[in-house]
Amino acid sequence: MIEFFPLDIDEIFEDNESVIRLFGRTINGERICVLDYNYEPYFLFEGNKEDVEELMITKEDITYFVTKIEEVKKKYLGEESKFWKVYVNNSVAIRLLAKELKNKGGVYEYDIDFCKRYLVDKEIIPSRLYKIDGEIVKKVEYNVDLVVEVKNIEQNSESFEKERILAFDIETMDEVILVISFYGDDFKKIITWKKVKGEGIEVVDGEEELIRRFVEIINEYKPDYLVSYNGDNFDFPFIFERARKYRVDLELNVDGSNIRLNRNKTRLIGVLHLDLYKFIRKNMAVNLQTDVLDLGSVANEILGRGKKEIKFEVVFENLDDNIGKLCDYCLNDSEITYMLCKSLLVNLEELGKLTGLSLFDVCRASYGNLVENYLMKRSREFNEIILSKSGYRMKREKYEGAFVMEPKPGFYKNLVVFDFLSLYPSIIVTHNIGLGSFGKGKKVPGLDYRFDNKKKDFIPLVIEDLINRRRRIKEIMKNEKNKVLDARSYALKTVANAMYGMFGFIGARWYYRECGESITAYARDYIKKVIEEAKKEFEVIYGDTDSVVCILGNKTKDDAFKFLEKMNKELPELMELELEDFYKRGIFVSRKDGGGAKKRYALINEKDEIKIRGFEAIRRNSSEIAKEVQKNILKIILEEDDFEKALEYVKKIIKDVQEHKIDINKTVIKTQITRGLDEYSSVGPHVAVAKKMILNGVEVKPGMVIRYVINKGKGLIREKARLLEESEDYDEEYYINNQIIPVVEGIFEVFGVDKEKLLKEQKKLGDF
DNA sequence: GCGGACTGCTTACCT
DNA sequence: ACAGGTAAGCAGTCCGCG
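Residues numbered from 1 in each chain as written. Chains lettered and ligands numbered in written order. Predicted model: local features only at pLDDT ≥ 70, side-chain atom pairs only at ≥ 80, totals over all residues. Heavy atoms only, no water.

Caption draft 1: Spotlight on the overall build of chain A. Looking only at helices and strands, one finds 22 helices and 30 strands in chain A. What you see for chain A is a C-alpha radius of gyration of 30 Å, in line with the 27 Å of a compact globule of 768 residues. With the C-alpha coordinates aligned to their principal axes, the bounding extent of chain A is approximately 90 × 75 × 55 Å. Of all 768 residues assigned to chain A, the portion counted as buried reaches 53%. Counting contacts in chain A only where the partners sit at least 6 residues apart, residues at least 24 apart contribute 66% of the total. Summed over all atoms, the accessible surface of chain A reaches about 36800 Å², with 45% contributed by carbon and sulfur. For chain A, the distance from the average site of its 128 positive side-chain charges to the average site of its 138 negative ones is 4 Å. (Helix = DSSP H or I, 4+ residues; strand = E, 2+ residues; numbered from the N terminus. Rg over C-alpha atoms; globule rule 2.2 N^0.38 Å. Buried < 20%, exposed > 50% of the residue type's maximum accessible area, 1.4 Å probe, protein only. Contact = heavy atoms within 4.5 Å. Areas by Shrake-Rupley, 256 points an atom, 1.4 Å probe, with all protein chains shown as cover. Lys, Arg positive; Asp, Glu negative; His and termini not counted. Charge placed at Lys NZ, Arg CZ, Asp CG, Glu CD.)

Structure, rendered in C-alpha cells:
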C-alpha cells in the first residue's frame, strides 16, 4: 500500500485503450506516477438497447466499438429514470459513437474531458491524500522515483503541503535569450552565456547551452510546481522558438517526452506549470486596486514589496558592462514570482479542493470553468446527469438585469448605507431557482415564470451548502484570523457568486436564461421593497442592485439599526440585509445630459476613508492631471466641507496647465486596444496612435494599453494624439477644456457654480 | 463647404 | 468568453444654410 498526493493527470493510449496516469508525490516525498488500466470510458443513452449493441465505427484503421452495456438509474433535472451506460473501447470512441445515436434517442455525458470524468467518478481531488494498492512497474524513461499500476484507490483526507516550488524568468534582447534565472526552496540560480563575473552566476558557452541547462536544472530539481509570470505567452513560447533553432529537445515532461507548445498554455506532463499572471488576470484582478497587472505592480500590492527596476535602454546600449545588472534583475523577478506563488498558493489550493481542478487548471480557469467544474463534481453525489454543452449553437438572448435608482444630485451629510449579503446566491436558494424546479409553483414577480419550492433542486442545494459552509468559516474566524480559512471562504464566495452569471452564459452546461432572468426579477423586487420601507424612515438618495443609500436626517444611528432588524425579521431566512457603514458626507452629481448620474458618487465615513465610485478619478482612460484634480477636490469637499477652497485649488491648477507647468507624464491618457485595428469602425485617438505604432514596426496586440498625449495642432483630437515619447509639449487648451473642466464642473454644479461661471473663470485665466 | 445637433461606437466602470 | 446597467468622450453623420 502506498499513500500519495495526485497533482496532475493525463491520458495515454496503449493498444488503442485509454490509460489514466496520475502524477504526484508519495507521503515520503518520492515522485510517483500511478497508472490506471481499469477505468472504462462510457456515455449515457436513453432509447432502445438494440440501437447500441451493434454500434461500431472504423476510422483510419482504428475500430471504435461498444464493450458493455449496463442499465443505470440517473436523474435528469431531478427526475429519475433509466439509462443505458454504454461502455466503449477508448475515450475517442465516446464522442464518435454518441454522435451516431443522436437521432435515435437521448445521449448524455459524451462531451466530458476523459481525465475530468475519471476524477469525478473516482472522487479524486488533486492535492489530497490517497491510498493505493498496486504493483510497482519499471519505466526507465520516466523521471520519477516509482511507477505503480493501480488496482484500488481510496481517499484519505490530508492535503499536500510539502510542495517543491521552482520559479523562473528569462531576459531577452533582439530575439535572443540572454539570462535565465531560477528561484526555489533554498535554491537560486542565474545562467547566462554573456561573459560576466559575479557570485553564483553560471556562465555557459552560448544560447544553445543555456537552453540545455534550463532543461537540466528543472529535471534535477524535480519541482511539483514550476512557476512563471506570463510563461504561457512569453517565456515558454520564446524558449520553444530558440530551442527549435538549435534543435534542442525540451524534455521537460516527467515521462521523458518533449513538451509541446500550445497556443495559449504550456503544459508539462507531471509538473504543474503555474502561470501566476493568468491566475491574477482571470481571478484575482477584480479584487486588486491596480489595473496594471505587471509583476511589479502586482507584487507591490500583494506582497507589499516592489521589484527592482532597471533602465533597459541603458543596459542594452552597453550590454557587456551591464550584464551583471541584468542578471540581478532576472533573479529578482524569479524571487518575486516565487514569493507571489507562496502567497497565492493557499488560494489556488482552496479553489482546487473546492472544484476538483488541478492547480494547473485553477491557474487558467475562468469563473465559468470554476463553477462548472464544481457542479460536475457535485453532480455525482446527487446522481444528476451532467448536462452537455450546446449553447454555442444557440442565439444569446439578453434579459433585464438589476434595478438602479436615479440619485438626486446633491451634497449630503450623515448617510447610512444598507446592502444585501450575497443577494443573488441567497435568492437562488430561497426561491429554489434551478432547472429542475422551473415550470410550476410560485410565480416570479413581474415575470410569467414559476419555480416549485417543494423539492429543493440541485443547484439551489449546492449553493445553500456553499453559503452555509462560508457562514461557519466566518463564525470561526470571528475569534481568530486564519489564512487557510480566509482562502477557503474566498473560494466558496467566488463559486457561489459566479453561479448566477452561469445561468445567463450561453456556453455553460447549466445555461438557463429563465433562471438568470428570474434571479434579477426577484432582486429588483427585493431592493425596491427595501427602498419603499426605508423611505418611511429616512430620505433615500440612491440604490444600485443590492444597496440603498439613505440620509439619516433627524434619525439616529440607533434608528438605522432598528430598521435593519425590522427588515431582517421580514426577509426570508437566508436573505440578509446588512448595515454597510455610516458616512459623514457624500456627493452625488448630475449626468452631462441632465438627471442624476447613476454609478458616480463619493462618500466619506467616520474614519475619514473616502470611497469614490465611477468618477474619472478612478478611470484609466483619463489623464493623471484630471484624475488628480478630481480626487483632490473630492477630498477637500468631503473632508473639509469647503467647496470654495476646492474652487481656488482648481483655478491654481488650470493656471499651471495654461503656463505649461504640468509634468507631461501627467497628461498621458491610457486606453486599451481591445481588438484588431482593422476591426474598428470608429477610429478614436488610441486607435490612431496604435496605427502609427504599427507603421513604425511596433507590434500592437489586443489587450495592450496605448499611452498618448494630446499635442497642439489642428483638426480632430486623434490627429493631435501622439505617443508620450514623441510628444514635446501638451495642448493646454485640450487639457483644460476636455480633461479638467469636464471632471470638475459636475461636482461644482452641486454647489451652484454652473458651467458658465466656471468657463468665465477659465476665460479670465486664459487672458492672464 | 461649414457648423451644430444628434447617433453610435468605444472604454471602463458598478453591482 | 459568469451577468446586465451605466456615463462619457470622440468620431461619424445628417441637415440646414447660403
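Caption draft 2: Region of the structure containing the packing of aromatic side chains. Counting across every chain of the model gives 36 aromatic pairs. Ring centres of tyrosine 76 and tyrosine 108 lie 5.2 Å apart, and the angle between their planes is 50°; this geometry places the pair in the tilted category. A residue pair is termed long-range when its members are at least 10 positions apart, and tyrosine 76 in strand S6 (residues 62-76) and tyrosine 108 in strand S8 (residues 106-108) qualify at 32 residues. Among the residues examined, tyrosine 76 registers a relative accessible area of 33% and is labelled partly exposed. Ring geometry for phenylalanine 418 and phenylalanine 538: centres 6.3 Å apart, planes at 35°, overall tilted. Of the two residues, phenylalanine 418 sits in strand S20 (residues 410-420) while phenylalanine 538 sits in the loop between helix H15 (513-535) and strand S23 (539-544), which places them 120 residues apart along the sequence. Each member of the pair, phenylalanine 418 together with phenylalanine 538, is buried. Here the aromatic residues Phe168, Phe182, Phe214 and Phe236 are joined through ring pairs into a cluster of three or more. Positioned above the aromatic ring of tyrosine 221 is the side chain of arginine 164, whose terminal nitrogen or guanidinium carbon lies 4.1 Å from the ring centre. (Phe/Tyr/Trp six-rings, centres within 6.5 Å; stacked < 30°, edge-to-face > 60°. Lys NZ or Arg CZ within 6 Å of the ring centre and 35° of its normal.)

Caption draft 3: Region of interest: the sheet that holds strand S14 (residues 201-203). Strand order in the open sheet formed by 6 strands is S14-S13-S12-S11-S15-S18, with mixed pairing between adjacent strands. Each edge of the sheet is formed by a strand with only one pairing partner; in this case those strands are S14 and strand S18 (272-275). On average, adjacent strands in this sheet sit at an angle of 25° to one another, irrespective of strand direction. With 4 bridges connecting them, strand S15 (residues 225-228) and S18 associate as parallel partners. By the bridge assignment, serine 228 is partnered in S18 with aspartate 275. In the packing of helix H6 (residues 276-284) onto the sheet, the strands contacted are S15 and S18, and the crossing angle to S18 comes to about 50°. (Pairing = 2+ DSSP bridges. Axes fitted to C-alpha atoms, helices over the stretch in contact; angles between N-to-C directions.)

Caption draft 4: Up close: the protein's contact with DNA strand B. Taken together, 20 residues are adjacent to DNA strand B, and Asp546, Tyr601, Arg619, Thr674 and Tyr680 come closest. Within 4 Å of the protein, the atoms of DNA strand B are drawn from sugar and phosphate moieties in a proportion of 92%. The contact in question runs from a sugar or linking oxygen of DNA strand B to an N or O atom on the side chain of arginine 619, over 2.7 Å. Glutamine 672 places a main-chain nitrogen or oxygen 3.0 Å from a phosphate oxygen of DNA strand B. For the surface near DNA strand B, the secondary structure elements donating two or more residues are strand S26 (596-605) and strand S28 (669-672). Split into classes, the residues belonging to the surface near DNA strand B amount to 3 nonpolar, 9 polar and 8 charged. (Near = heavy atom within 4 Å. Polar contact = N/O pair within 3.5 Å; in protein donor to acceptor, adjacent residues only side chain to side chain. Nonpolar A, V, L, I, M, F, W, Y, C, P; charged D, E, K, R; others polar.)

Caption draft 5: Just the protein's contact with DNA strand C, in detail. Around DNA strand C sit 32 residues in total, of which Lys282, Ser366, Arg396, Lys598 and Tyr734 are the nearest. Those atoms of DNA strand C that come within 4 Å of the protein belong to sugar or phosphate at a rate of 81%. Residue tyrosine 399 places a main-chain N or O atom 3.4 Å away from a sugar or linking oxygen belonging to DNA strand C. The backbone of arginine 718 places a nitrogen or oxygen atom 2.9 Å from a phosphate oxygen of DNA strand C. Counting residues per element, the ones that place at least two in the surface near DNA strand C are helix H11 (367-379), helix H14 (483-503), S26, helix H20 (717-720) and helix H21 (732-749). Of the residues belonging to the surface near DNA strand C, the class tally is 14 nonpolar, 7 polar and 11 charged.

Caption draft 6: Local environment of the nonpolar core. Formed by 123 residues in total, the largest nonpolar core has its most connected members in Tyr225, Phe418, Ile459, Met499 and Trp510. Apart from residues no more than four positions distant in its own chain, phenylalanine 418 is found in contact with Phe538, Asp546, Ser547, Val548, Cys550, Ala560, Phe563, Leu564, Leu577, Glu578, Leu579 and Glu580. With 55 residues, the next largest nonpolar core counts Ile587, Val700, Val709 and Phe748 among its residues. (Core = buried A, V, L, I, M, F, W, Y, C linked by side-chain atoms within 4.5 Å.)

Caption draft 7: Quick look at the pairing of strand S4 (residues 42-46). In terms of residue burial, S4 counts as a mostly covered element, since 4 of its 5 residues are buried. Here S4 pairs with strand S7 (residues 79-88) via 4 bridges, running antiparallel. Counterpart to phenylalanine 45 in the pairing with S7 is tryptophan 84. The pairing of S4 with S8 spans 3 bridges and is classified as antiparallel. Residue pairing for S8: glutamate 46 is matched across the bridge by glycine 106.

Caption draft 8: Geometry of the pattern of salt bridges. If you walk through the whole model with that rule in mind, you get 58 salt bridges. Residue glutamate 109 is joined to arginine 117 by a salt bridge in which the shortest nitrogen-to-oxygen separation is 2.9 Å. Judged by relative accessible area, arginine 117 falls into the buried class, the value being 5%. (Salt bridge = Lys/Arg side-chain N within 4 Å of Asp/Glu carboxyl O.)

Caption draft 9: Representation of unusual backbone geometry in the model. The phi dihedral of serine 422 falls on the positive side, at around 40°, and the residue is not glycine. By the element assignment, serine 422 lies in the loop between S20 and helix H12 (423-430). Overall, serine 422 belongs to the partly exposed group, its relative accessible area being 28%. Positive phi outside glycine occurs at lysine 599, with the angle close to 60°. Along the chain, lysine 599 falls in strand S26.

Caption draft 10: Local environment of the pairing of strand S5 (residues 56-59). The pairing of S5 with S6 spans 4 bridges and is classified as antiparallel. In the strand pairing of S6, isoleucine 57 is matched with tyrosine 64. With antiparallel pairing between neighbouring strands as the criterion, S5 and S6 make up a hairpin whose turn holds 2 residues, including glutamate 60 at a positive phi of roughly 50°.

Caption draft 11: Molecular detail of helix H17 (residues 624-640). Under the 1.5 Å per step criterion, the end-to-end length of H17 is 23 Å for 17 residues, consistent within 8% with the ideal 24 Å. In this fold, the buried residues of H17 make contact with S20, strand S25 (577-590), S26, strand S27 (610-613), helix H18 (643-658) and H21. Phi for aspartate 641, located one or two positions after H17, is positive at around 55°. (Expected span 1.5 Å × (residues − 1).)

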